[in-house]
Amino acid sequence: MRLQDDEQKDPKKIIAGYWDLRSKSYSKGVTDSRDEEKETWKRCLAPFITDIGLSKALDVGSGTGFLSSLLDDMGVDVTGLDISRGMLAQARDALLQERRDPDLFQGDAEELPFRSSCFDVVASRHLLWTLTDPGKALAQWMRVLRPGGRILVIDGNWFDPAVSKWLGRGLSGLLANFSKSRNPVPFHRFYDPVLQELPLYSACGPERYLAFFEDAGMKNVTLDRLSEANRFYKSHTSLSYRLANANALFLVTGEKGNQ
Ligand SMILES: C[S@@+](CC[C@H](N)C(=O)[O-])C[C@H]1O[C@@H](n2cnc3c(N)ncnc32)[C@H](O)[C@@H]1O
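Let me sum up the structure you'll find in this document.

So, how was this worked out
- Residues numbered from 1 in each chain as written.
- Predicted model: local features only at pLDDT ≥ 70, side-chain atom pairs only at ≥ 80, totals over all residues.
- Heavy atoms only, no water.
- Helix = DSSP H or I, 4+ residues; strand = E, 2+ residues; numbered from the N terminus.
- Rg over C-alpha atoms; globule rule 2.2 N^0.38 Å.
- Buried < 20%, exposed > 50% of the residue type's maximum accessible area, 1.4 Å probe, protein only.
- Contact = heavy atoms within 4.5 Å.
- Lys, Arg positive; Asp, Glu negative; His and termini not counted.
- Charge placed at Lys NZ, Arg CZ, Asp CG, Glu CD.
- Salt bridge = Lys/Arg side-chain N within 4 Å of Asp/Glu carboxyl O.
- Near = heavy atom within 4 Å.
- Polar contact = N/O pair within 3.5 Å; in protein donor to acceptor, adjacent residues only side chain to side chain.
- Areas by Shrake-Rupley, 256 points an atom, 1.4 Å probe, with all protein chains shown as cover.
- Nonpolar A, V, L, I, M, F, W, Y, C, P; charged D, E, K, R; others polar.
- Expected span 1.5 Å × (residues − 1).
- Axes fitted to C-alpha atoms, helices over the stretch in contact; angles between N-to-C directions.
- Parallel < 35°, antiparallel > 145°, perpendicular 65-115°, else oblique.
- Left-handed = near helix turned anticlockwise from the far one by under 90°.

This brings us to the overall build of the protein. A count of helical and extended segments in the protein gives 10 helices and 7 strands. The globule rule puts the C-alpha radius of gyration for 259 residues at 18 Å, and the 18 Å found for the protein is close to it. C-alpha atoms of the protein, sized along the principal axes, occupy 50 × 45 × 40 Å. Taken across its 259 residues, the protein has 51% of its residues classed as buried. Taking as baseline every contact in the protein between residues at least 6 positions apart, the subset at least 24 positions apart corresponds to 76%. Within the protein, one finds 34 positive and 35 negative side-chain charges whose respective centroids are separated by 3 Å.

This brings us to the pattern of salt bridges. Taken as a whole, this structure holds 14 salt bridges when the rule is applied. A salt bridge links glutamate 37 to arginine 34; the shortest N-O distance between them is 3.4 Å. Of this pair, glutamate 37 and arginine 34 are both found in helix α2 (residues 34-45), 3 residues apart, which corresponds to roughly one turn of the helix. Taking the relative accessible area as the measure of exposure, glutamate 37 reaches 4% and is therefore buried. The partner of arginine 150 in a salt bridge is glutamate 255, with the nearest N and O atoms 2.7 Å apart. On the criterion of sequence distance, the pair formed by arginine 150 in strand β5 (residues 145-156) and glutamate 255 in strand β7 (residues 249-255) is long-range, its members being 105 residues apart.

Neighbouring the ligand are 18 residues; Gly61, Asp82, Asp108, Ala109 and Arg125 lie closest to it. Between the ligand and alanine 109 there is a distance of 2.8 Å, counted from a nitrogen atom to a backbone nitrogen or oxygen. At 2.5 Å, a side-chain N or O of arginine 125 approaches an oxygen atom of the ligand. When the ligand is considered free in solution it has 590 Å² of accessible area, and contact with the protein chains removes 98% of it. A class-by-class count of the residues in the shell around the ligand yields 8 nonpolar, 7 polar and 3 charged.

So, about α2. Over its 12 residues, α2 runs 16 Å from end to end, which matches the ideal 16 Å to within 8%, given 1.5 Å per residue. Of all the positions in α2, only Glu37, Lys38, Thr40, Trp41, Lys42, Cys44 and Leu45 are classed as buried.

So, about helix α4 (residues 85-97). For α4, with 13 residues, the first-to-last C-alpha span of 18 Å sits near the 18 Å given by 1.5 Å per residue. Within α4, burial applies to Gly86, Met87, Leu88, Ala91 and Leu95. In the core, the buried residues of α4 are packed alongside α1 (11-26), α3 (66-73), β2 (77-82) and β3 (104-106). One or two residues past the end of α4 sits arginine 99, with phi positive at roughly 60 degrees.

What follows deals with the packing of α2 against helix α9 (residues 227-236). Each packed pair of helices is defined by two parameters, the angle between the axes and the distance between the axes. For the pair α2 and α9, the least separation of the axes is 9 Å and the interaxial angle reads 165 degrees. In terms of orientation, α2 and α9 fall into the roughly antiparallel class. Between α2 and α9 lies a crossing of right-handed hand. Taken together, the residues of α9 that come into contact with α2 (itself represented by Glu36, Glu37, Thr40, Trp41, Arg43 and Cys44) are Glu228, Ala229, Phe232, Tyr233 and His236. Its residues placed into classes, the contact of α2 with α9 shows 5 nonpolar, 2 polar and 4 charged.

This is how it looks when you write it as structure tokens:
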């Protein structure tokens, strides 16, 4: 697929174009047990969602529907939104195959097409690093959240510039050439021209996220290092994956005040 001239300059079109092409391979996942992976995430997320009775969620940057599917298992009514039509098509197929009722929208995480105060939870996994204006996105997520509702952001410091991490990614890239799970889409060809526009790309450590949450006016901001999820990926992914992503995951949560 080739982008038209004006699309080549628009970071969001470039990013959506990347994820369109990446959608099929992304849907295969990175672990050797999708069921165990989902059960691990349910245990990690329950204290922040079902254990406190939150029941209507927006999964922003829903991708192939992984988070939507496990939230649905947890009894939450989920709406998914993604900028990439390719990812949405994969999500629709996967959710239908699991006999669920997909509620998916194409749209931008920074300009949500939903009325104010209509969700109990806004959740996202592996999204904020790739947004051009994460502050604007969080303001929009706060808008659609009902008073007292909660934002959950799962992410990882995927592009940590520390030398040891950089070397790990280099080695991982070499090994991945021999692996079936290699990313067939040239990530850097798409992302390099837009990196300057992504404030959290190489600075997406938890501390930065905590500051963003506080700046967005969230209450009771917490950080969870997701030790169970990190352990799971350590024992259920390829060496190439582990070299690039060891212990990368964390969860930041925050609440919208009651008035
Ligand atoms: C790394 S994938 C994560 C997918 C999914 N959340 C998961 O955990 O598997 C990033 C996703 O964010 C989506 N995305 C990127 N920019 C977006 C934006 N501005 N608005 C909505 N979705 C966006 C991409 O299309 C892609 O599906």
